[in-house]
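# Structural characterization, general
Read off the chains here:
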Amino acid sequence: MGNMSTVVGDGGRRGRSVVKERVDEAMDTTQVAMHGGIKTVGVEQLCDFSGNSVLCMSIVTWNMNGKVSDEDLAELVGDNRKFDLLVVGLQEVPRCNVAQLLQETLAETHSILGKAIMQSLQLFVFGPKNSEHFINGIKVDKHALGGFGGLIRRKKGAVAVSLSYKGIRMVFISCHLSAHAHNVEVRNSQFRHISHSLFSKNQNPYARPSHITVWLGDLNYRIHGIDMLPAKRLIKKNLHGMLTSKDQLLQEAERGQIFNGYSEGTLAFKPTYKYNIGTNNYDTSYKVRVPSWTDRILFKIEEFGNVDASLHSYESMDNIHSSDHKPVKAHLCLKVQKLEQSTPS
């Protein structure tokens, strides 16, 4: 990547050919790559939401920047309501009842199964109406991080919901980690503390682990090692796939510091932060933020087997403009081979 700007600026045929080859390789969503602890997985053909052996989830994370509208929430959950579970993780939530607004938006098809709230950091799990008999073992937990972010509706930490749905044990963790590019080691430490603390109190030593753990949120890892203007030029030319080597989250995973054993979809969408509010234009303020993939969804399937996961979309929602972050949505399906009897936890 050291001669990246030279190659991009080369007007010759060979320069363009090299760029095309590199971009095609970086943006190919059918490839599977390893970044230390994280496996980058491609997007498979769309799931038809059918079959008794498949549980489909729509998972959304969004830093709301203290603003909300009914139109944005309707766009967030979408019109296709055939999924089994809808998981919504929100950060910097304004002082209003977002749970009620989401429930009103989903009133015809889904009801809330579980929620975890810590000031402006909130997590909701919705299921089809009358699906309560499929649910058991619901638990919630939270882990607060230091600082005064809660006073300005920017609470840092994590909230989590653990539940069993149709015999599949799942943990969802929505987090908001520390900001700024130089705080990468702080974020690594926060990830580890959250991982070790959630659901650790009064833990049943005989309880079986979850089949799947999903992390979502504003993880705040940045694009580092390139200035704002060169990064913007690459994005404008749809060459943002070349920025993944500068992504702190993937770099730290490759070092073995975070997210060992997790999977994530290919970063085929543009960086989700920081935008001028009301637009699809990146930050033009004095802060000169380098565009970054701060908002992520990762998942881990436990090794004891019986459950496989397939990713059917991983994308940003660029038509929502009320925040300086774009929401990120994933469509994840679980294929069940054979489930053992549940043990009370």
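Worth saying up front: this structure is predicted, and the values here are computed from it rather than measured. (Residues numbered from 1 in each chain as written. Predicted model: local features only at pLDDT ≥ 70, side-chain atom pairs only at ≥ 80, totals over all residues. Heavy atoms only, no water.)

### Some words on helix H6 (residues 228-236)
- Along H6, the positions that sit buried rather than exposed are Met228, Ala231, Lys232, Leu234 and Ile235. Each buried residue of H6 sits inside an arc of 160° when the element is viewed along its axis, so together they form one side. The exposed residues of H6 that point more than 90 degrees off its buried face are Leu229, Arg233 and Lys236.
- Count one or two residues on from H6 and you reach Asn238, which has phi positive near 60°. (Buried < 20%, exposed > 50% of the residue type's maximum accessible area, 1.4 Å probe, protein only. Helix = DSSP H or I, 4+ residues; strand = E, 2+ residues; numbered from the N terminus. Arc of directions from axis to C-beta.)

### Quick look at the environment of Thr294
- By the element assignment, Thr294 lies in the loop between strand S11 (262-265) and strand S12 (295-301).
- Residues Thr294 and Gly217, spaced 77 residues apart in sequence, show a C-alpha to C-alpha distance of 8.2 Å.
- With residues up to four places along the chain from it excluded, the contact list for Thr294 reads Gly217, Asp218, Leu219, Asn220, Tyr221, Arg222, Thr272, Tyr273 and His325. (Contact = heavy atoms within 4.5 Å.)

### Section: helix H3 (residues 70-77)
- Every buried residue of H3 is accounted for by Asp72, Leu73, Leu76 and Val77. Considered in projection along H3, the buried side chains sweep an arc of 125° and stay on one side of the axis. In H3, the exposed residues that point more than 90 degrees away from the buried face are Asp70 and Glu71.
- Lining the buried residues of H3 we find strand S3 (54-63), strand S4 (85-91), helix H4 (98-105) and strand S14 (328-336).

### Observations regarding the pattern of salt bridges
- Counting across every chain of the model gives 6 salt bridges.
- Close ionic contact of Arg255 with Glu252 constitutes a salt bridge, the shortest N to O distance being 2.4 Å.
- For Glu252, a relative accessible area of 7% corresponds to the buried category.
- Residue Lys274 pairs with Asp324 through a salt bridge whose shortest N-O separation is 3.1 Å. Within this pair, whereas Lys274 is found in the loop between S11 and S12, its partner Asp324 is found in the loop between strand S13 (307-316) and S14, the two being separated by 50 residues in sequence.
- Residue classification places Asp324 among the buried positions, given a relative accessible area of 8%.
- Ionic contacts of the salt-bridge type, sharing partners, join the residues Glu185, Glu252 and Arg255 into one network. (Salt bridge = Lys/Arg side-chain N within 4 Å of Asp/Glu carboxyl O.)

### Notes on the pairing of strand S5 (residues 110-118)
- Here S5 runs beside strand S6 (residues 121-128); their pairing, made up of 8 bridges, is antiparallel. Opposite Lys115, over in S6, you have Phe124 as the bridge partner.
- Once S5 ends, the chain turns through 2 residues before running back antiparallel as S6, passing Gln119 with a positive phi of about 55°. (Pairing = 2+ DSSP bridges.)

### Looking at the packing of aromatic side chains
- Counting across every chain of the model gives 8 aromatic pairs.
- On the numbers, 6.5 Å between centres and 40° between planes, the contact of Phe124 with Phe126 is tilted. Pair check on accessibility: Phe124 and Phe126 agree, each one buried.
- Arranged with centres 5.1 Å apart and planes meeting at 90°, the rings of Phe259 and Tyr262 form a pair that is edge-to-face. One exposure class covers both Phe259 and Tyr262, and it is buried.
- Ring pairing ties together the aromatic residues Phe191, Trp215, Phe259 and Tyr262, which thus form one cluster.
- Over the ring of Phe134 we find Lys166; its NZ or CZ atom is 4.9 Å from the centre of that ring.
- Directly above the ring of Tyr221 sits Arg187, whose terminal nitrogen or CZ lies 5.1 Å from the centroid. (Phe/Tyr/Trp six-rings, centres within 6.5 Å; stacked < 30°, edge-to-face > 60°. Lys NZ or Arg CZ within 6 Å of the ring centre and 35° of its normal.)

### Observations regarding the confidence of the model for the protein chain
- Averaged over all residues, the pLDDT of the protein chain equals 86, while 83% of them reach at least 70.
- Counting contacts from residues 1-31, a segment whose pLDDT is below 50, to residues more than four positions away or on other chains yields 39 contacts. (pLDDT = per-residue confidence, 0-100.)

### Comments concerning the packing of H3 against H4
- H4 packs onto H3 with a crossing angle of 60° between their chain directions and a minimal axis gap of 10 Å. Accordingly, the angle class assigned to the pair H3 and H4 is oblique. As for how H3 packs across H4, the hand of that crossing is right-handed. Where H3 abuts H4, its residues Asp70, Leu73, Ala74 and Val77 lie against Leu101, Leu102 and Thr105. (Axes fitted to C-alpha atoms, helices over the stretch in contact; angles between N-to-C directions. Parallel < 35°, antiparallel > 145°, perpendicular 65-115°, else oblique. Left-handed = near helix turned anticlockwise from the far one by under 90°.)

### Let's talk about the sheet that holds S5
- Here we have 6 strands laid out as an open sheet, ordered S5-S6-S4-S3-S14-S13, and mixed in their pairing. Sheet topology places S5 and S13 at the edges, where each strand pairs with a single neighbour. Between one strand axis and the next, the sheet turns through 15° on average, direction left out of account.

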